[in-house]
Protein chains: 2
Amino acid sequence: MDSLNSTPDDEEKHFYYMGLALLEAKKAMEEDEVPVGAVLVRGNEILAQAHNQTVQKKSPLAHAEMLVLEEASQKLNGWRLLDTVLYVTLEPCSMCAGGLVLARIQRIVFSLPDAKSGACGSVFNLVQEVRLNHRMDVISGIRAEESLYLLQDFFRQKRQKKRLI
Amino acid sequence: MDSLNSTPDDEEKHFYYMGLALLEAKKAMEEDEVPVGAVLVRGNEILAQAHNQTVQKKSPLAHAEMLVLEEASQKLNGWRLLDTVLYVTLEPCSMCAGGLVLARIQRIVFSLPDAKSGACGSVFNLVQEVRLNHRMDVISGIRAEESLYLLQDFFRQKRQKKRLI
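Residues numbered from 1 in each chain as written. Chains lettered and ligands numbered in written order. Predicted model: local features only at pLDDT ≥ 70, side-chain atom pairs only at ≥ 80, totals over all residues. Heavy atoms only, no water.

1. A word on the packing of helix α3 (residues 94–102) of chain A against helix α3 (residues 94–102) of chain B
Here comes step 1: One can describe the packing of α3(A) onto α3(B) by two numbers: an axis separation of 7 Å at closest approach and a directional angle of 160 degrees. The angle between α3(A) and α3(B) falls in the class roughly antiparallel. For α3(A) against α3(B), the interelement crossing comes out left-handed. Contact with α3(A), carried on its side by S94(A), M95(A), G98(A), G99(A) and L102(A), involves S94(B), M95(B), G98(B), G99(B) and L102(B) of α3(B) and no other residues of that element.
Here comes step 2: Of the residues assigned to the contact of α3(A) with α3(B), the class counts are 4 nonpolar, 6 polar and no charged. (Axes fitted to C-alpha atoms, helices over the stretch in contact; angles between N-to-C directions. Helix = DSSP H or I, 4+ residues; strand = E, 2+ residues; numbered from the N terminus. Parallel < 35°, antiparallel > 145°, perpendicular 65-115°, else oblique. Left-handed = near helix turned anticlockwise from the far one by under 90°. Contact = heavy atoms within 4.5 Å. Nonpolar A, V, L, I, M, F, W, Y, C, P; charged D, E, K, R; others polar.)

In structure tokens:
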């Protein structure tokens, strides 16, 4: 569903916001965290942006997507994040996909598919599951090479560090 | 899998810890939150206990299970909650089930199945999914009537309040 309802305007928008999500992913990289970034947008307003912080926050829950959901909920003073679009540099896992459904996100735009644990079309598709009470549009593949490069670079560096120990 | 590897000792333990989870659910009820409670245990130590607080915390993520995962991660200073057992009064949703997999929980014991969004056997079974990198034991049905009573009572009260408005 890579071009679902997409106009040239939409494509420009997706490119722009995914760029911000990639900048967040780079921040994660600099902090020695798996480089994944996310931005939550409503209309032309950025509600929240964050990057993966599972190591720093010592929490399995501190994925970029969960952090933006939390920040935006506080900002909007409630848990229903209607009419919002989530941009994220890697396909969300089951936990994050479940969170997106609970928060009633309207659309998710992700960069790189995750064949190991992606829950928005790769391993599962929890965000378009007819048995759950909310479904959303899914757009994938936006700036995927840049996201892949960051992740490959991160894990290459990790392996090199291991070899030096 | 209601009696998986269960000994009489295990059954007594499950009854006891589910009682604590039910007490947490009652606290949620008193706070006008959907009554769900959870307790995380390692050996004989209670690592964390919490109840649903989505309304108070204005967050779609503040399910009882997520709150205990967060609290226990902080306590243990890391995100791998190995050798732990989660007791919870309602079958976890996709988000929480995904969180349990990420946290490497060893076993989940839940009370009442959730036919609408349960992700530990009812709608999905994300916690025993061979395509993910961690799986756990699942035990269900412990003190299910008490959990059901609480939830029914909560929603009955909600409907009555609505009628009075």
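From this point on, the discussion continues.
2. Comments concerning the relation of the copies chain A and chain B
Here comes step 1: Its rotation angle being 180 degrees, the transformation that places chain A on chain B also includes 0.0 Å of axial translation and leaves an RMSD of 0.0 Å. Read as a symmetry element, the transformation amounts to a two-fold axis. Of every C-alpha in chain A, the one belonging to M95(A) sits nearest the axis of rotation, 2.0 Å from it. (Least-squares fit on C-alpha atoms with pLDDT ≥ 70 in both.)

3. Let's talk about the sheet that holds strand β4 (residues 107–112) of chain A
Residues and elements named next belong to chain A.
Here comes step 1: Overall, mixed pairing links the 5 strands, which are arranged β2-β1-β3-β4-β5 in an open sheet. Each edge of the sheet is formed by a strand with only one pairing partner; in this case those strands are β2 (45–51) and β5 (137–140). Within the sheet, the average angular offset between the axes of one strand and its neighbour, ignoring direction, is 15 degrees.
Here comes step 2: Pairing between strand β1 (residues 37–42) and β2: 6 bridges, direction antiparallel. (Pairing = 2+ DSSP bridges.)

4. Concerning helix α2 (residues 64–76) of chain B
Here comes step 1: The end-to-end C-alpha distance of α2(B), which contains 13 residues, comes to 18 Å, matching closely the 18 Å that a straight helix rising 1.5 Å per residue would cover.
Here comes step 2: All of the buried residues in α2(B) are A64(B), E65(B), M66(B), L67(B), V68(B), L69(B), A72(B) and S73(B).
Here comes step 3: Tucked inside the fold, the buried residues of α2(B) contact α2 (64–76) and α3 of chain A together with β1 (37–42), β2 (45–51), β3 (85–90) and α3 of chain B.
Here comes step 4: Immediately beyond the C-terminal end of α2(B), within one or two residues, lies N77(B), with a positive phi of roughly 65 degrees. (Expected span 1.5 Å × (residues − 1). Buried < 20%, exposed > 50% of the residue type's maximum accessible area, 1.4 Å probe, protein only.)

5. Let's talk about the packing of aromatic side chains
When we look at a pair of aromatic rings, we describe it by the centre distance and by the angle of the planes.
Here comes step 1: Counted by the stated rule, this structure contains 6 aromatic pairs over all chains.
Here comes step 2: Ring centres of Y16(B) and Y17(B) lie 5.0 Å apart, and the angle between their planes is 65 degrees; this geometry places the pair in the edge-to-face category.
Here comes step 3: What makes Y16(B) partly exposed here is its relative accessible area of 49%.
Here comes step 4: Residue class for Y17(B) comes out buried when judged on its relative accessible area of 5%.
Here comes step 5: Through successive ring pairs, a cluster of aromatic residues spans Y16(A), Y17(A) and Y87(A).
Here comes step 6: For the cation-ring pair, R143(A) lies above F15(A), with the distance from its terminal atom to the ring centre recorded as 3.8 Å. (Phe/Tyr/Trp six-rings, centres within 6.5 Å; stacked < 30°, edge-to-face > 60°. Lys NZ or Arg CZ within 6 Å of the ring centre and 35° of its normal.)

6. As for the environment of K13(B)
All names here are of chain B.
Here comes step 1: Relative to the assigned elements, K13 resides in helix α1 (residues 8–30).
Here comes step 2: C-alpha of K13 to C-alpha of N44: the two residues are 31 residues apart in sequence and 9.3 Å apart in space.
Here comes step 3: Those residues within four positions of K13 in sequence are excluded, and the remaining contacts are G43, N44 and Y87.

7. Describing the interface of chain A and chain B
Often, the extent of an interface is quoted as the loss of accessible area on bringing the components together.
Here comes step 1: Residue-level contacts link 30 residues of chain A with 30 residues of chain B.
Here comes step 2: Taking both partners together, chain A and chain B bury about 2500 Å²; carbon and sulfur atoms supply 70% of that area.
Here comes step 3: Across the chain A-chain B interface, the total number found is 0 salt bridges.
Here comes step 4: For the interface between chain A and chain B, the tally reads 8 residue pairs in polar contact (both at pLDDT 80 or more).
Here comes step 5: The set of elements that each furnish at least two residues to the side of chain A that touches chain B consists of α2 and α3 of chain A. (Buried area = accessible area lost by both parts, 1.4 Å probe. Salt bridge = Lys/Arg side-chain N within 4 Å of Asp/Glu carboxyl O. Polar contact = N/O pair within 3.5 Å; in protein donor to acceptor, adjacent residues only side chain to side chain.)

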